[in-house]
Amino acid sequence: MTAPTQNTTSRIARFRKLSVAGMATAGAAAAALTLIPSPAQAAPVSANVSASQVSAADAPAAKKAKKKQYADNLDGWIKEALDIMKSERIPGSYEGLHRNIMRESSGNPNAQNNWDVNAQNGTPSKGLLQVIQPTFDAYHVAGTPRDLTDPVANITAAANYAADKYGSIDNVDSAY
């Protein structure tokens, strides 16, 4: 085998430069897209009103108007939890959550297991996905209430735990 020629070495160097430049360009584009508000995020400005005339008091009202509302029932709790899970990159599907909730609590956010080994040790499983307090505390998802029986907090903590231990709540088919 012959030693690499100067031409081969310069081609490799050019390729490396292009690869690094391409990655830097892609990274800069991604950062720019992240920082530029989408049309949905941008506050509408009337043609007759300059941006400087829009009051700061209008911003919170616009933000509140865009906050997504969820039904106060199992369907709404799962949908809200899925939106939080998505933002926190916690895997899981509606079907996986619903299947496990129905097996664990039949959809009752106040369900409590008073007979298993956890209950015998003083930490009964509670809520939609029958989570014990130490697990809830360890896997609590920021932005949700620190209340084990809060439906959305219970779902997101349990899904976070299942993702850590099993890859996803979708992979859980029995008590976990």
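Treat the numbers as computed from the prediction; the structure is a model and nothing was measured.

S.K.: In this structure, what is going on with the nonpolar core? I would like to understand it.
M.R.: Here is a general trend for soluble globular proteins: nonpolar side chains tend to be buried in one another's company. Ranked by internal contacts, the top residues of the largest apolar core, which has 25 residues, are Ile78, Met85, Leu97, Ile101, Leu129 and Ile155. Taken together, the elements giving at least two residues each to this core come down to helix H3 (74–87), helix H4 (94–105) and helix H7 (151–166). Sequence-distant contacts of Ile78, that is, excluding residues within four places in its chain, are made with Tyr94, Leu97, His98, Ile101 and Ile155.

S.K.: Teacher, can you tell me more about H7 here?
M.R.: Residues three or four positions apart in an α-helix share a direction because the helix packs 3.6 residues into each turn. Here H7 contains 16 residues, and its C-alpha end-to-end distance of 21 Å stays within 8% of the 22 Å for a straight helix at 1.5 Å per residue. Looking at H7, one finds that the buried residues are Pro151, Val152, Ala153, Asn154, Ile155, Thr156, Ala157, Ala158, Ala159, Tyr161 and Ala162. Where H7 is buried, its residues contact H3, H4 and helix H6 (133–139). Looking at where H7 begins, the residue whose side-chain oxygen comes 3.2 Å from the main-chain nitrogen of Val152 is Asp150. Positive backbone phi, at 95°, marks Gly167, one or two positions downstream of H7.

S.K.: Just to check I follow, could you spell out the confidence of the model for the chain for this structure?
M.R.: Low-pLDDT stretches of the model should not have their predicted coordinates read in fine detail. Summing up the model confidence of the chain, the mean pLDDT is 77 and the portion of residues at 70 or higher is 62%. Every residue in residues 11–58 scores below 50 in pLDDT, and together they form 10 contacts with partners more than four places removed in sequence or on other chains.

S.K.: Just to check I follow, could you spell out the side chain of Asp116 for this structure?
M.R.: Within the secondary structure, Asp116 sits in the loop between H4 and helix H5 (117–120). Polar side-chain contacts of Asp116 include one of 3.1 Å to the backbone nitrogen of Asn118.

S.K.: Looking at this structure, how should I read unusual backbone geometry?
M.R.: Backbone geometry places Arg89, a non-glycine residue, at a positive phi of 60°. Tracing the chain through its elements places Arg89 in the loop between H3 and H4. On the accessibility criterion, Arg89 (78% relative accessible area) is exposed. One non-glycine residue, Gln130, adopts positive backbone phi at about 50°. Note on placement: Gln130 falls in the loop between H5 and H6.

S.K.: Just checking my understanding: could you explain the side chain of Ser105 for this structure?
M.R.: Structurally, Ser105 can be placed in helix H4. Excluding anything up to four places from it in sequence, Ser105 contacts Ala111, Gly127, Leu128 and Gln130.

S.K.: Looking at this structure, how should I read the packing of aromatic side chains?
M.R.: Each aromatic ring pair is described using two quantities: the centre-to-centre distance and the angle formed by the ring planes. A complete count under the given rule lists 2 aromatic pairs for this structure. Consider the rings of Tyr161 and Tyr166, whose centres lie 6.5 Å apart with planes at 75°: the pair is edge-to-face. Tyr161 gets classed as buried once you look at its relative accessible area, which sits at 16%. You can call Tyr166 partly exposed: its relative accessible area is 38%. Among the aromatic residues, ring-to-ring pairing joins Tyr139, Tyr161 and Tyr166 into one connected group.

So, how was this worked out
- Residues numbered from 1 in each chain as written.
- Predicted model: local features only at pLDDT ≥ 70, side-chain atom pairs only at ≥ 80, totals over all residues.
- Heavy atoms only, no water.
- Core = buried A, V, L, I, M, F, W, Y, C linked by side-chain atoms within 4.5 Å.
- Buried < 20%, exposed > 50% of the residue type's maximum accessible area, 1.4 Å probe, protein only.
- Helix = DSSP H or I, 4+ residues; strand = E, 2+ residues; numbered from the N terminus.
- Contact = heavy atoms within 4.5 Å.
- Expected span 1.5 Å × (residues − 1).
- Polar contact = N/O pair within 3.5 Å; in protein donor to acceptor, adjacent residues only side chain to side chain.
- pLDDT = per-residue confidence, 0-100.
- Phe/Tyr/Trp six-rings, centres within 6.5 Å; stacked < 30°, edge-to-face > 60°.

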